[in-house]
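Descriptive analysis of the structure
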Amino acid sequence: MMRHLISAADLSRDDAVLILDTAEEMARVADRPIKKLPALRGRTVVNLFFEDSTRTRISFEAAEKRLSADVINFAAKGSSVSKGESLKDTAQTLEAMGVDAVVIRHGASGAPYRLATSGWIDAAVINAGDGTHQHPTQALLDAFTMRRRLVGRDAGLGQDLAGKRITIVGDVLHSRVARSNVDLLHTLGAEVTLVAPPTLVPVGVERWPCEVSYDLDGVLSKSDAVMMLRVQRERMNAAFFPTEREYSRRYGLDGERMAKMPEHAIVMHPGPMVRGMEITAEVADSDRCTVVEQVANGVSIRMAVLYLLLGGNEPAVTHTRPTGSEEK
Ligand code: NCD
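Just so it is clear, the model here is predicted, and its values are computed rather than measured. Position labels on residues start from 1 in each chain and follow its written sequence. Only residues with pLDDT of 70 or above have their local features reported here, since the model is predicted, and side-chain atom pairs are shown and tallied only from 80 upward, although totals for entire chains, interfaces and linings are computed over all residues. Excluded from the side-chain calculations are hydrogens and water; all other atoms, namely the structure's heavy atoms, are used.

1. Quick look at the site of the ligand
The cutoff for a nearby residue is simple: one of its non-hydrogen atoms must lie within 4 Å of the molecule or strand. Lining the immediate environment of the ligand, one finds Thr-56, Arg-105, His-135, Gln-138, Arg-176, Val-177, Arg-230, Gln-232, Pro-270, Gly-271 and Pro-272. A distance of 2.7 Å separates an oxygen atom of the ligand from a polar atom in the side chain of Gln-232. Polar contact is defined as a pair of N or O atoms within 3.5 Å, subject to the rule that within protein one atom must be able to donate a hydrogen and the other to accept it, and that residues adjacent in sequence are counted only when both atoms are side-chain atoms. In this structure, a nitrogen atom belonging to the ligand sits 2.9 Å away from a main-chain N or O atom of Gly-271. To measure how exposed things are, a 1.4 Å probe is used in the Shrake-Rupley method; for residues, cover is taken only from the protein chains shown. Protein contacts shield 93% of the accessible area of the ligand, which totals 320 Å² for the unbound molecule. Buriedness for pockets is judged along seven lines, at least five of which must meet protein on both sides within 12 Å for an open set on the 1 Å grid over protein atoms alone, while cavities are sets there where a 1.4 Å probe fits but cannot get out, and lining residues have an atom within 4 Å of a point. Occupancy of a cavity or pocket is assigned to a molecule whenever over half of its atoms lie within 2 Å of that pocket's grid points. In a pocket analysis with a 2 Å cut-off to the grid points, the ligand is assigned to the largest pocket. Split by residue class, the shell around the ligand holds three nonpolar, five polar and three charged. Domain ranges listed in this record stem from an automatic or a database domain assignment. The residues that make up the shell around the ligand include at least three from each of domain 1 (8-135 + 294-310) and domain 2 (136-291). Each residue gets one label: Ala, Val, Leu, Ile, Met, Phe, Trp, Tyr, Cys and Pro are nonpolar, Asp, Glu, Lys and Arg are charged, and the others, such as Gly, are polar.

This is the structure:
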C-alpha cells in the first residue's frame, strides 16, 4: 500500500479492491452497538479544510474517531490562514505537533500533492478534494456503493466492476468527483460514459478512458448506474449554459427519464444535491437513489483508507464471517 492518497489514478486494481474489501470489514463495525476499534489509538489525524464541506468533513471525522485516533479539526476560516499564513507554515505547525496523517481539502488543484512531496511534513496525506482535480475517497465510496448494489455485498468481496456501465452526467468540467470516478472506474473494469453540455466537457477529454455523449436519453437504457453532478457555480467565471431551466430540461434527471433506466439500475449523487436543477425531488427521494447510502459508505471507506495508510498490517476486524443469508 502507498503512503499517501492523492489521486484515484495512483491506485492499482489490487489496491482499490483491497480498500473496498477492507471497507466491507469496517462496515460491520457500524452494525455493532459500540462502533469503535482500537486500531489508531495514540495516532493523531488532522483534518485541514480550506474549502467548505459537510459530508466529507463529518465522514472523515467519524471514521477517525471510530478507529480511536486523536482528531484535530482545522478550518481555514477562523485560523491564521485568513491572516495570510502559507500552506508551508501551516504544515510546519502541524509537523511540530507530531501529526501522523493530514486529511486536506483545498481550493487549489495540487495542494495535497505539494504537501505530500514538499518535505514540510512527515505525515501521510489524504486528499479530501483539491480544486477541480481529484477526490479519491469519493470515487472509492462510489465504487463501494456500486459494487454492493450491482454485484452484491458478500458476492462482491475480491471483485471489481468489470463490464458495468456507468454514466456520469453534468458539470464534468469543474468536477473532481467526475475525474476521480473516471480513473477509478476504468481501473476497476467499468465502462464510463460522460454526458454534459458541450461547454462543460473538459478540453482533452478524448484522452480520458471513457466515452462522451450529449444525449442523456440515448444512454439511460444502457446504464447500470447514473451519477448526477452538481453544477459548480462557485468555480464558474462565465455563463456555460443559457438558463437553469434549459439545463434541467436537457441534462436533469426526472421521474420520466429515470423510468428509461433498466430496473436494477441506481441513481447516484455525491451531494450536495440542488433539487430542481440536476435532479428532481421525485428522483432524489426514490428508492433507486443511493445518496444517503453513499454517505454511510463514505465512513467505511475512509476508515479503510486511514487504516491501510497508517500501517494496518493485520486484518482490521477479527470476526467469523457470517455464512447465512442475513447479510444484505
Ligand atoms: C463534492 C465535492 O465537494 O467535490 N461533494 C462531496 O465531496 N460530497 C461535489 C460537489 O460539491 O458538488
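2. Structural notes on the sheet that holds strand E1 (residues 44-49)
Two strands pair if DSSP finds at least two bridges between them. Here a strand is any run of E in DSSP of at least two residues, a helix any run of H or I of at least four, and the numbering for each starts at the N terminus. Spatially, E2-E1-E3-E4 is the arrangement adopted by the four strands of the open sheet, whose pairing is parallel. In this open sheet, the two edge strands, each paired with only one partner strand, are strand E2 (70-75) and strand E4 (124-130). For this sheet, the mean angle separating the axes of adjacent strands, direction not counted, is 15°. In this fold helix H2 (residues 55-66) packs onto E1, E2, strand E3 (101-106) and E4, with an angle of close to 175° to the strand it touches most, E1. Whenever a helix is involved, its axis is fitted only over the stretch in contact; in every case the axis is a line through C-alpha atoms, and angles between N-to-C directions fall within 0 to 180 degrees. Note on definitions: a residue-residue contact is assigned when non-hydrogen atoms from the two residues lie within 4.5 Å.

3. Quick word on the pattern of salt bridges
Proximity of charged atoms lets side chains of opposite charge pair with each other. Any Lys or Arg side-chain nitrogen found within 4 Å of a carboxyl oxygen on Asp or Glu counts as a salt bridge. Counted under the stated rule, the structure contains 18 salt bridges. Two residues, Asp-21 and Arg-147, come together in a salt bridge whose shortest N-O distance is 2.8 Å. With a gap of 126 residues between them, Asp-21 in helix H1 (residues 13-30) and Arg-147 in helix H5 (residues 136-151) connect regions that are remote in the sequence. Relative accessible area serves as the criterion here: at 2%, Arg-147 is assigned to the buried category. Close ionic contact of Asp-154 with Arg-28 constitutes a salt bridge, the shortest N to O distance being 3.8 Å. Note that Asp-154 is positioned in the loop between H5 and strand E5 (165-169) and Arg-28 in helix H1, a separation of 126 residues in sequence. Accessibility here uses a 1.4 Å probe with only protein chains present; expressed as a share of the type maximum, an area under 20% marks a residue as buried, one over 50% as exposed, and anything in between as partly exposed.

4. Points about the domain arrangement of the protein
Entries for the protein in the domain assignment read domain 1 (8-135 + 294-310) and domain 2 (136-291). Each of domain 1 and domain 2 was reduced to a C-alpha centroid, and the two centroids are 25 Å apart. Contacts between the two partners involve 36 residues from domain 1 and, on the opposite side, 38 residues from domain 2. Defined here as a combined quantity, buried area equals the accessible surface (1.4 Å probe) lost by two parts on assembly, summed across both. When domain 1 packs against domain 2, the two sides together hide about 3,100 Å² of surface, and 53% of this comes from carbon and sulfur.

5. Considerations on the nonpolar core
By nonpolar core we mean a set of buried residues, namely Ala, Val, Leu, Ile, Met, Phe, Trp, Tyr and Cys, connected to one another through side-chain atoms within 4.5 Å. Counting residues in each nonpolar core, the largest one holds 88 residues, and the members touching the most others are Leu-140, Ile-168, Leu-184, Leu-194, Val-267 and Ile-301. Built from parts of two domains, this core gets at least three residues from each of domain 1 (8-135 + 294-310) and domain 2 (136-291). Core analysis: the second largest hydrophobic core is formed by 18 residues, Leu-87, Leu-94, Val-99 and Val-102 among them.

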